[in-house]
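Structure assessment
Next come the chains, spelled out residue by residue.
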Amino acid sequence: MNKVGRLFRNLANQLGVVSLVSVIILILMTLAGIFAPFFVKDPFAISGNTYLPPTYEHPAGTDSLGRDVLSRILVGTRTALYVGLGAATLSSLLGTVIGGLAGFRGGWVDELLSRLIEIFLVMPIFFLLILVVSLFGANIMFTVIAIGAVTWPRNARIMRAQALSLKETTFCKAAVVSGASTSRILFFHIIPNGIAPVIASSALLIGSAVLIEAGLSFLGLGDPNIISWGGMIRDGRKALTFAPWLSLFPGLALVVFAAAMSFLGDRLSHILNPELSKKTM
Amino acid sequence: MIEVKDLTMHYKATLGWVKAVNDVTFSVDKHESLGIVGESGAGKSSVAIALLRILPQNGVIRQGKVLVDGLEVLSLPGSTFRKEIRWKKISMIFQASMDALDPVYTVGHQLISILRLHRNVSKKEARKKAEAAVGRVDLRSSILNSYPHELSGGMKQRVMIALSFLLIQPSVVLADEPTSALDVLVEDRVLKQMKKLQGESDLSVVHISHNVSTILTMCDKMAVMYAGEFVEYGEIRTVFRCCAHPYTIGLLKAVPSLRAPTEMLVTIPGTPPSLIQPPVGCTFAPRCPLAAPICRETTPPIVKLADDHWVRCHFARDIRKEDVHFGTL
């Protein structure tokens, strides 16, 4: 017990209480999302008990078709994780490679890639997503790809700046002198050394990707075959006056998830950046 | 062994060409070591950069030949040079060598990956070789599992020495002020270790330093560099006793001696000239106490004073140490 207590205190010191709580919430939500199919009621099962207020049987009530809202929220976690992690991974991969290449190679490569980054940076995200949805249909995979494809420039800019300063370090010069190839220096020296802020920014991106997807679903542009928090909020809109729990609970889940992700991302950027953490200590 | 002939390297700057290295010629045999001394901005590090072809984008090698073990390497295609020459034939110890280890990998990982980059050996063999190499510089093999930040500056420097001298056993090691970031005690230890290894292997060492006494203790030959060119070159004792370039004399007089009678240390007034528009004639003339009109008009010839000693000065044959007077502190 004592050991567990000490572990907790160490973690709390490292992370701060808020982010520790965020981490715990995120872990619980992830577990709930992964194991949801094994313990929740069938989220698609329709029953005659429509618009039931929260009861022991249905802790978050039922919706217009008599489906259990809590089950739907838990299964919706999977969508949130899929969208968040998928988009953030795609965005950081693209951003790291393109930004790293631009900063490391410099010259015309940098000019070209920087302009590309700027072009993507000025694109209005939401309108591009609406365009993608109307072109390819409301498919969750396209949504993830589209979110990744419009958010990578931020990561690319961070990585480019990192590469610009890292390539002047002695260990990168030493790598050149020891006969390492350009790609080896980029992938084994520059990127591992400069990835920390990209990770932090990607953690923040997970939260915003989930919000973007929820926004799309709220507008009715989400994948109709998939349960998503945004879609649930939209469905509950019509019943807001007499069954507010239909929108309230998915909205709460969304806020908690996005807030926990932001707190964690913010803390991560402090932990991974020793200069910042020194100031806050 | 390494032979360098008429190496000239310039940097392009907004104001014109910076003539950083001009007609540098030297050769270092197996087991031999050459020390290049000069003040900051004299072009010492540029020589090393040119030899390894790690020029910045604005650097251009204008002319010259570099022969490593008889093979001309400056004209080799880039990829061949990278695979066959870098570290295999010419390795380098950096000015701030402790930063030459990548902070995200263990020391062992870095040694092993360099070894495996150049030699076709298994991971196990590579690890054994890496252990042997750090053992030779008196480090425990357990440091291979450490990250660079867990080691002290001196230990990191010794890792770098193991890395450059022992791991691949190159023909030439360029040591660019390897001890400038260390305190004197650690410096002494590191230098002794380098000297020991230098004696034990078939290496040629080019030692670059602004510290004349380091060069005097470490090297067999010495070159004095000023404004991008060698102004005096020769066997170390000959240069020390019979130095004939006023700049060398000034440098040597600026070093305190333990045994000689107490004397005021001298300073050479002024600063090195602009390398974009070097002075006409002798580059040192503006600061030289013996400068005559001829020095400001014609470039001094190379005057051979002995088989292994030459000086770039109009009055090389007439100058004696005692006649050169600089200001004192």
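The model shown is predicted, which means the values in this text are computed figures rather than measured ones.

Quick word on the overall build of chain B
- Along the backbone of chain B there are 9 helices and 14 strands.
- By the compact-globule yardstick of 20 Å for 329 residues, chain B fits well, its C-alpha radius of gyration being 21 Å.
- Dimensions of chain B along its principal axes, counting C-alpha atoms only, are 65 × 50 × 40 Å.
- Residue burial in chain B is summarised as follows: out of 329 residues, 46% are buried.

As for the overall build of chain A
- Scanning chain A for helices and strands turns up 12 helices and 0 strands.
- Counting from the amino terminus, helix and strand elements in chain A follow one another as α-α-α-α-α-α-α-α-α-α-α-α.
- Projected onto its principal axes, the C-alpha positions of chain A cover 75 × 60 × 30 Å.
- For chain A, long-range pairs separated by at least 24 residues make up 69% of all intrachain contacts whose partners lie at least 6 apart in sequence.

What to know about the interface of chain A and chain B
- Of the residues lining the interface, 14 residues belong to chain A; the matching set on chain B comes to 19 residues.
- Counting only elements with at least two residues in the side of chain A that touches chain B, the list comes to α7 (170-177) and α8 (182-194) of chain A.
- Considered class by class, the residues forming the side of chain A that touches chain B number 6 nonpolar, 7 polar and 1 charged.

A look at the pairing of strand β6 (residues 90-93) of chain B
Residue and element names in this part refer to chain B.
- Taking every second residue as pointing to the same face, both faces of β6 are buried, with I90 and M92 on one and S91 and I93 on the other.
- Pairing of β6 with strand β7 (residues 172-176) involves 4 bridges; the strand directions are parallel. The residue bridging M92 from the neighbouring strand is L174, located in β7.

Notes on the packing of helix α3 (residues 69-105) of chain A against helix α4 (residues 107-121) of chain A
Residues and elements named next belong to chain A.
- Orientation of α3 relative to α4, taken along the N-to-C sense of each, is 145°, at an axis distance of 7 Å. Seen along the crossing, α3 lies across α4 with a hand that is left-handed. Contacts between α3 and α4 involve I98, L101, A102, G103 and R105 from the first element and G107, V109, D110, L113 and S114 from the second.
- Tallied by class, the residues present in the contact of α3 with α4 amount to 5 nonpolar, 3 polar and 2 charged.

Here's the deal with the sheet that holds strand β2 (residues 16-28) of chain B
Residue and element names in this part refer to chain B.
- Taken together, 4 strands build an open sheet; the order of strands is β2-β1-β4-β5 and the sheet is antiparallel. Edge strands, defined here as strands with exactly one partner in the open sheet, are β2 and β5 (71-72).
- In this sheet, β5 lies alongside strand β4 (residues 59-68) in antiparallel orientation, the contact comprising 2 bridges. Across the sheet, residue L67 finds its bridge partner in β5, namely E72.
- Helix α1 (residues 44-52) contacts β1 (2-13), β2 and β4 of the sheet and is inclined by roughly 75° relative to β2.

Topic: the sheet that holds strand β3 (residues 33-37) of chain B
Residue and element names in this part refer to chain B.
- Here we have 8 strands laid out as an open sheet, ordered β6-β7-β8-β3-β9-β10-β13-β12, and mixed in their pairing. With partners counted over all chains shown, the strands left at the sheet margins are β6 and β12 (302-306), one partner each. Strand after strand, the sheet turns through a mean of 20° between neighbouring axes, direction not considered.
- Note that β3 and strand β9 (residues 221-226) share 4 bridges and pair parallel. Paired with V37 across the bridge in β9 is V224.

Considerations on α1 of chain B
Residues and elements named next belong to chain B.
- The element α1 is largely enclosed, with a buried count of 9 among its 9 residues.
- Residues K44, S45, S46, V47, A48, I49, A50, L51 and L52 constitute the buried set of α1.
- R53 occupies a position one or two residues after α1 and carries a positive phi of about 55°.

Here's the deal with unusual backbone geometry
All names here are of chain B.
- The residue D23 is not glycine, and still its phi comes out positive at about 45°.
- Mapped onto the fold, D23 is located in strand β2.
- Located in the positive-phi region is Q169, a residue other than glycine, with phi close to 55°.
- A count of 13 C-beta atoms within 10 Å places Q169 in the partly exposed class.

A word on the confidence of the model for chain A
- Looking at chain A as a whole, the pLDDT averages 86, with 96% of positions reaching at least 70.
- The least confident element of chain A, judged by mean pLDDT, is helix α12 (residues 274-280) of chain A at 52; the most confident is α4 of chain A at 93.

Overview of the packing of α3 of chain A against α8 of chain A
Residues and elements named next belong to chain A.
- Running from N to C, α3 and α8 point in directions that differ by 100°, and their axes come no closer than 11 Å. Classified by the angle between their axes, α3 and α8 sit roughly perpendicular to one another. Taking contact as the criterion, the partners of T96, G100, L101 and F104 in α3 are, on α8, L186, I190 and I191.

Re the nonpolar core
- Counting 170 residues, the largest nonpolar core has L111, A162, L174 and V224 of chain B as the members making the most contacts within it.
- With 14 residues, the single largest contributor to this core is α3 of chain A.
- What L111 of chain B contacts, discounting residues up to four positions off in sequence, is A130, A133, L144, L163 and L167 of chain B.

Examining the confidence of the model for chain B
- Across chain B, the average pLDDT comes to 88, with 99% of residues at or above 70.
- Here the complex is predicted with pTM 0.80, and the ipTM for its interfaces comes to 0.80.

Thoughts on helix α5 (residues 153-166) of chain B
All names here are of chain B.
- The terminal C-alpha atoms of α5 lie 19 Å apart, and with 14 residues this matches the ideal 20 Å at 1.5 Å per residue to within 8%.
- Most of α5 sits inside the fold, with 12 of its 14 residues counted as buried.
- Residues M155, K156, Q157, R158, V159, M160, I161, A162, L163, S164, F165 and L166 constitute the buried set of α5.
- For α5, the secondary structure elements touched by its buried residues are β6, α3 (107-118), α4 (123-136), β7 and α6 (184-200).

Some remarks on the environment of I199 of chain A
All names here are of chain A.
- As for its placement among the helices and strands, I199 is situated in helix α9 (residues 196-218).
- Residue classification places I199 among the partly exposed residues on the basis of 16 C-beta atoms within 10 Å.
- Taking the C-alpha atoms as reference points, I199 and P37, separated by 162 residues in sequence, lie 30 Å from one another.
- Leave out the neighbours within four places in its chain, and I199 touches L268 and L272.

The rules behind each value
- Residues numbered from 1 in each chain as written.
- Chains lettered and ligands numbered in written order.
- Predicted model: local features only at pLDDT ≥ 70, side-chain atom pairs only at ≥ 80, totals over all residues.
- Helix = DSSP H or I, 4+ residues; strand = E, 2+ residues; numbered from the N terminus.
- Rg over C-alpha atoms; globule rule 2.2 N^0.38 Å.
- Buried ≥ 20, exposed ≤ 12 C-beta atoms within 10 Å, placed from the backbone.
- Contact = placed C-beta atoms within 7 Å.
- Nonpolar A, V, L, I, M, F, W, Y, C, P; charged D, E, K, R; others polar.
- Pairing = 2+ DSSP bridges.
- Axes fitted to C-alpha atoms, helices over the stretch in contact; angles between N-to-C directions.
- Left-handed = near helix turned anticlockwise from the far one by under 90°.
- pLDDT = per-residue confidence, 0-100.
- Parallel < 35°, antiparallel > 145°, perpendicular 65-115°, else oblique.
- Core = buried A, V, L, I, M, F, W, Y, C linked by C-beta atoms within 7 Å.
- Expected span 1.5 Å × (residues − 1).

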